[in-house]
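# Descriptive analysis of the structure
One letter stands for each residue in the lines below.
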Amino acid sequence: MSVEINNIAILTSGGDAPGMNAAIRAVTRTALYHGKKVFGVYRGYEGMIEDDLLELSTAHVKNILAQGGTFLKSARSKEFRTHDGRAKAAANLKKRNIDALVVIGGDGSFTGALKLADEHNIRVIGVPGTIDNDLFGTDYTIGYDTATNTVIESVDKIRDTASSHNRLFLVEVMGRDTGYIAASTGLATGALGIILPEQKITFDDLFRDLRNAQANKKTSNIIMVAEGNHLGDVFDISLAIKKEFPSIDVKVTTLGHTQRGGSPSTNDRVLASVLGYYAIKGLMNGEEKVMVGMINQKVVYIPLSEAISKTTNLDEEMLTIAKILAT
Ligand code: F6P
């Protein structure tokens, strides 16, 4: 079914992710190619409420493909969580006859998009942009590949100094609710342990792994710790280890927001370009309230309600492999 859409708004929302600019460029140029007008919304839903929109030409998106961050800027808007906030935002779209909205972001951004669509009859489509890789309906989210590359580059450097000084490093990575970054980078860097929000590991489990490492004469070790893990704050974990193993020299490195920046990898640029292109194609073919994703190299449209409520389980086998290979 083809649908008449003339004016399209685009925004980035929530935590930024490398490749968001590539997605904005793809959406803008595909829409312009098909004769549509495109309006960039600054600072996510915050800018929509404040009427901070700019009509984009092809020149506005030149030279942004390789840039990290998002030139439209991003925000987490409290006001948009209210009925009044969404009504103000919708009115600003309607006065420009905007028929459709492309939202590049994660689950919080899609929750807002769905509410806007339901309450104000605006066609919305989501493009998965988050370093967390925690959206159902796509194998990878835009930004995850670059973020994990950033992590392994840092951990490889940490490994050098850990090895010179016979130290144990706890490396904290992002992931409030999910541990995809910690799991894949743990495997990729040969970490002794991976501590994730999805697993209820205990200090006894951790101490057993450390004892095994000592028995195997491992003198330096890396443990990847996801932010939202169940054992607690990474500095408290380090204190607990020091208490149990006074002879181990434990250090903590928090990689923090370095994971969110940087020029996007090839994989992220390709994913962002393809999904941005298919976001516009989807809208023109009548798709709405969906997220465009990529599963097994195929473009798919998944209801936004599923993208935010269902979870893709972490690959348990990956964790088993990481454990076996690190012994
Ligand atoms: O959702 C992306 C993310 O990077 C999470 O991994 C992290 O917990 C959070 O954002 C940090 O958000 P902020 O930059 O607002 O502190």
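These remarks concern the structure in this document. (Residues numbered from 1 in each chain as written. Predicted model: local features only at pLDDT ≥ 70, side-chain atom pairs only at ≥ 80, totals over all residues. Heavy atoms only, no water.)

### Observations concerning the overall build of the protein
Along its length, the protein carries eleven helices and eleven strands. The C-alpha radius of gyration computed for the protein amounts to 22 Å, which stays within 12% of the reference 20 Å derived for 327 residues, consistent with globular compactness. Based on the C-alpha atoms only, the size of the protein along its principal axes is roughly 70 × 35 × 30 Å. For the protein, the residues scored as buried account for 52% of the 327 residues in total. For the protein, the exposed surface amounts to about 14500 Å²; the carbon and sulfur share of it is 49%. (Helix = DSSP H or I, 4+ residues; strand = E, 2+ residues; numbered from the N terminus. Rg over C-alpha atoms; globule rule 2.2 N^0.38 Å. Buried < 20%, exposed > 50% of the residue type's maximum accessible area, 1.4 Å probe, protein only. Areas by Shrake-Rupley, 256 points an atom, 1.4 Å probe, with all protein chains shown as cover.)

### Section: the nonpolar core
Core analysis: the biggest nonpolar cluster contains 58 residues, and Ile10, Val102, Val171 and Met224 have the highest contact counts within it. With residues up to four places along the chain from it excluded, the contact list for Val171 reads Val155, Ile158, Ile222, Ile223, Met224, Val225, Thr253 and Leu255. Among the nonpolar cores identified, the runner-up in size contains 26 residues, and Ala9, Met48, Ile122 and Ala307 belong to it. (Core = buried A, V, L, I, M, F, W, Y, C linked by side-chain atoms within 4.5 Å. Contact = heavy atoms within 4.5 Å.)

### Considerations on the side chain of Ser184
Counting through the fold element by element, Ser184 comes out in helix H6 (residues 180-189). Take Ser184: its relative accessible area is 18%, and that puts it in the buried class. In this structure the side chain of Ser184 is engaged in a polar contact, spanning 2.8 Å, whose partner is the side chain of Tyr144. When residues no more than four places from it in sequence are discounted, the contact partners of Ser184 are Tyr144, Thr148 and Met318. (Polar contact = N/O pair within 3.5 Å; in protein donor to acceptor, adjacent residues only side chain to side chain.)

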